[in-house]
Each structure stands twice: as structure tokens, then as C-alpha cells.
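Architecture at a glance
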Amino acid sequence: AKDEGKGSHRFFESAMDAEAQARRAMEIDLHDALRKGELELYFQPLFGLSQNRVTAFEALLRWNHPERGMVSPVQFIPLAEETGLIIPIGEWALHEACRIAATWADDIRIAVNISPVQFRSATLNSIVLQALARSGLAPHRLELEITESLFIDNVEATLGSLHSLRALGVRIALDDFGTGYSSLSYLRSFPFDKLKIDRSFIVDLLAHDGATAIIRAITTLADALGIETTAEGVESSEQLEILRTEGCNQIQGYFFSRPIPAGQVAALLDKLSGD
Ligand code: C2E
Ligand code: CA
Ligand code: CA
Ligand code: CA
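For the structure given in this document, a descriptive report is provided here. All values reported here derive from a predicted model rather than from experimental measurement. (Residues numbered from 1 in each chain as written. Chains lettered and ligands numbered in written order. Predicted model: local features only at pLDDT ≥ 70, side-chain atom pairs only at ≥ 80, totals over all residues. Heavy atoms only, no water.)

1. Considerations on the coordination of the calcium ion (ligand 2)
Protein coordination at the calcium ion (ligand 2) comes from Glu58 (OE), Asn113 (OD1), Glu145 (OE) and Asp175 (OD), with a distance range of 2.2 to 2.3 Å. Sequence spacing of the donor residues for the calcium ion (ligand 2), all on one chain, is E-x54-N-x31-E-x29-D. Between the two metals, the calcium ion (ligand 2) and the calcium ion (ligand 3), the spacing is 3.9 Å, and aspartate 175 donates to both. Placement of asparagine 113 in strand β4 (residues 109–113) and of aspartate 175 in strand β6 (residues 171–177) is noted, with a sequence separation of 62 residues between them. Judged by relative accessible area, which is 30%, asparagine 113 ranks as partly exposed. (Donors = N, O, S within 2.8 Å, 3.2 Å for Na, K, Ca; no water. Helix = DSSP H or I, 4+ residues; strand = E, 2+ residues; numbered from the N terminus. Buried < 20%, exposed > 50% of the residue type's maximum accessible area, 1.4 Å probe, protein only.)

2. As for a nonpolar patch on the surface
A cluster of nonpolar side chains, Leu184, Leu221 and Leu225, forms an exposed patch at the surface whose accessible area comes to about 260 Å². Here leucine 184 is to be found in the loop between β6 and α7 (185–189). With relative accessibility at 54%, the residue leucine 184 sits in the exposed group. (Patch = residues over 30% accessible without salt bridge, like charges linked within 9 Å, V, L, I, M, F, W, Y side chains within 5 Å. Areas by Shrake-Rupley, 256 points an atom, 1.4 Å probe, with all protein chains shown as cover. Salt bridge = Lys/Arg side-chain N within 4 Å of Asp/Glu carboxyl O.)

3. Things to note about helix α5 (residues 124–135)
The end-to-end C-alpha separation of α5 is 16 Å, in line with the 16 Å expected for 12 residues at 1.5 Å each. All buried positions along α5 are accounted for by Leu124, Ile127, Val128, Ala131 and Leu132. Buried residues of α5, seen end-on, are gathered within an arc of 135 degrees and therefore sit on one face of the element. Turned more than 90 degrees off the buried face of α5, the exposed positions are Ala133 and Arg134. (Expected span 1.5 Å × (residues − 1). Arc of directions from axis to C-beta.)

4. Quick notes on the pairing of strand β7 (residues 194–197)
Where burial is concerned, the two faces of β7 agree: the one with Lys194 and Lys196 and the one with Leu195 and Ile197 are both buried. Here β6 runs beside β7; their pairing, made up of 3 bridges, is parallel. Looking at the pairing, leucine 174 lines up with leucine 195 of β7. In this sheet, strand β8 (residues 228–231) lies alongside β7 in parallel orientation, the contact comprising 4 bridges. Note on β8: the bridge partner recorded for leucine 195 is threonine 229. (Pairing = 2+ DSSP bridges.)

5. Remarks on the environment of glutamate 58
Secondary-structure assignment places glutamate 58 in strand β2 (residues 53–65). Looking at glutamate 58, the relative accessible area reads 5%, which means it is buried. A C-alpha to C-alpha distance of 10 Å links glutamate 58 and leucine 142, two positions 84 residues apart in sequence. Sequence-distant contacts of glutamate 58, defined by excluding residues within four places in its chain, comprise Tyr42, Phe43, Gln44, Leu46, Ala111, Asn113, Glu145, Lys196 and Gln252. Within polar-contact distance, the side chain of glutamate 58 engages the side chain of glutamine 252 at 2.7 Å. (Contact = heavy atoms within 4.5 Å. Polar contact = N/O pair within 3.5 Å; in protein donor to acceptor, adjacent residues only side chain to side chain.)

6. Examining the nonpolar core
Ile110, Leu142, Ile146 and Phe192 are the most contacted members of the largest nonpolar core, which totals 75 residues. In terms of residues, this core owes the most to one element, helix α3 (residues 86–101), which gives 8 residues. Not counting the four nearest positions on each side in its chain, isoleucine 146 is found in contact with Ile114, Phe119, Phe151, Leu162, Ile172, Ala173, Leu174, Asp175 and Phe192. (Core = buried A, V, L, I, M, F, W, Y, C linked by side-chain atoms within 4.5 Å.)

7. Observations regarding the site of ligand 1
Close contacts around ligand 1 come from 20 residues, with Gln44, Leu61, Arg62, Glu235 and Tyr254 the closest. The side chain of arginine 62 places a nitrogen or oxygen atom 2.8 Å from an oxygen atom of ligand 1. Contacts to ligand 1 include arginine 199, whose side-chain N or O atom sits 3.2 Å from a nitrogen atom. In isolation ligand 1 has 800 Å² of accessible area, and contact with the protein removes 81% of it. Looking at the shell around ligand 1, the elements with two or more residues in it are β2, α2 (73–83) and β6. Element by element, the count of residues in the shell around ligand 1 is highest for β2, at 4 residues. Of the residues contributing to the shell around ligand 1, the split by class is 8 nonpolar, 5 polar and 7 charged. (Near = heavy atom within 4 Å. Nonpolar A, V, L, I, M, F, W, Y, C, P; charged D, E, K, R; others polar.)

8. Some details on the packing of aromatic side chains
The full count for this structure, using the stated rule, is 8 aromatic pairs. On the basis of an interplanar angle of 50 degrees and a centroid distance of 4.9 Å, the ring pair of phenylalanine 57 and tryptophan 104 is categorised as tilted. Pair noted here: phenylalanine 57 is in strand β2 and tryptophan 104 is in the loop between α3 and β4, with a separation of 47 residues, a long-range link. Taken together through their ring pairs, the aromatic side chains of Phe151, Tyr186, Phe190 and Phe192 make up a single cluster. When the ring centre of tyrosine 254 is taken as origin, the NZ or CZ atom of arginine 258, which lies over that ring, is 3.9 Å away. (Phe/Tyr/Trp six-rings, centres within 6.5 Å; stacked < 30°, edge-to-face > 60°. Lys NZ or Arg CZ within 6 Å of the ring centre and 35° of its normal.)

So, in C-alpha cells, the structure goes:
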């Protein structure tokens, strides 16, 4: 605080250094995380309203760091994407998700997030095939969640990759629908199996009258195109009832369950079973 002018400049520089160093340290740790078994998948249920049961789980990465504790994927996924580490991490996640899902009842699907970096890599198809083969999971039980950012550029290449993935028999969901780069034209160009309506629209449901109209527009459009809809981030019974009325197919959110470790899936299914 003394020597304001020069000091604050120096402070700024060393703060940048510290940040860069922290990033570098995290990068080194992330590099070893897989090998050290620090990564784990958690599972969050998608509850089917017409079936009145859990129809799928979404696999969500967790990093249990020995000193930092649980590191959020919001922190380490971007780093993994910048460094390319998302390729081995994503491959591991796909194998692990299929392996675990293969132990569940066969009317339960598994949804796995695919980073744009992974999606654009040439090996995704063979990695998906390998994960299915090794786990014995039926392809229709695997749903890949991709985001709209893939459509910003190179729409043709994206559509080509989507079609070859679909040819493997897996399902494709469009994640975080309605955020960012939404354009309705790609809904016409590619037959998605599912739209996941972003949590921001669900949060709005209790705050704005217009929010229900947006949900209705999305479910009406999806219905007409033969696409399922999942509402993300549902936390209350009020939200649930609006979404039921508006014809959403599945509900995902803390209202039913937070993401849980694989070992807690059976107990949760018991608790949420329709009878
Ligand atoms: P996402 O794919 O949109 O996943 C949904 C996020 O919302 C998850 O955060 C989930 O825990 C959280 N969530 C679910 N229900 C509720 C709710 O009712 N309220 C609130 N406030 N949040 C809810 P999480 O697990 O921290 O993951 C964050 C993001 O990290 C994911 O967003 C996804 O983009 C990315 N991610 C997670 N796992 C993977 C992975 O295996 N691969 C890739 N590429 N990305 C992943
Ligand atoms: Ca997702
Ligand atoms: Ca999402
Ligand atoms: Ca999101």
C-alpha cells in the first residue's frame, strides 16, 4: 500500500505470475490425475415423467485432488481442453461410464459429455466403438452429449461426424440448449435424439412469465421434430410441475438427486422407483 504507483504495478505483475504458476501446477497435477486414480465419475439421474422412473444417468467427472480436495469440472475441464489432456481423460470417462452402466438394468441409459476438442479429434469414433465393445453395453444405451459450439464453424464437418457416430447406434443429445450460438437450422440438418434445456431457462421459470412460453416453444418444436427434451437443473416441485405441464420428457436436477458416486446408484434407484 505504500508507494502506490510502482507498487500496484509490481503487485499486478506478480499476481499474474502467481496465477500462471497456479495454472501450471494444476496442469502438472492433472497430467498425473488419471494415473493416480484421482478422477472419478459421479452419476446424476434423469427421471422420465411418462415412465415415472429413472431412465438414464449423466456421468459427471470429479477430481479428488489430495491437497485441493474436490476440484470442480468447471475449473479443470477448460484446462484439460487447452492442454489436450481432455483426449485421454475423455477416453477414460467413456470407458468407465460404459463399464459401470453395463452393470445396470438394461432400460437405463448412460449419458456422457463429449468436449468439442474430443469431438473434433479423428479418434472419437473408434474410441466409442471400443468402449462399447469392451463393456458389452448396447449402443442404444449410450447417449453422447455435445454442445452448440460445434456449430459455430465447420457445420459440414460436424454434421458428418454426427452421422458417423449415429451410425454406430448411439444417441446424440444437444446439451445446454438455448445458450450461446443457438440456431434452429441445425435442428433441421441433424436429427438429434434429445435436447437438454439449459438450467438458465429453468431458473427463470419461477421469476418470469415469459420463461414458460420459451419452454413451451422448445417442447412443441422438439415434439414436432420427434426429439426428446430433458430439463436441466430442476430444484423444486414448482418447476417440476410446470415442466410436466409443458410436456418435458425428463427431469434432471437436485430436486431428484445431486450427482452421486457409482456405489450409491442402486440405493437411489430403490428410493426413486415408481412403486
Ligand atoms: P453440464 O454437462 O451442463 O452438467 C450439468 C451440471 O449442472 C453439473 O455440474 C451438475 O452437477 C449441475 N447440476 C445438476 N443439477 C443441478 C441443479 O439442480 N442445480 C444446480 N445449480 N446445478 C445442477 P458439474 O458436475 O459441476 O459439471 C459442470 C460441467 O463440467 C458440465 O456441465 C460439463 O460441461 C462439464 N463436465 C462434467 N463432466 C464432464 C466430462 O466427463 N466430460 C466433459 N467434456 N465435460 C464434463
Ligand atoms: Ca451435460
Ligand atoms: Ca448441460
Ligand atoms: Ca451447463
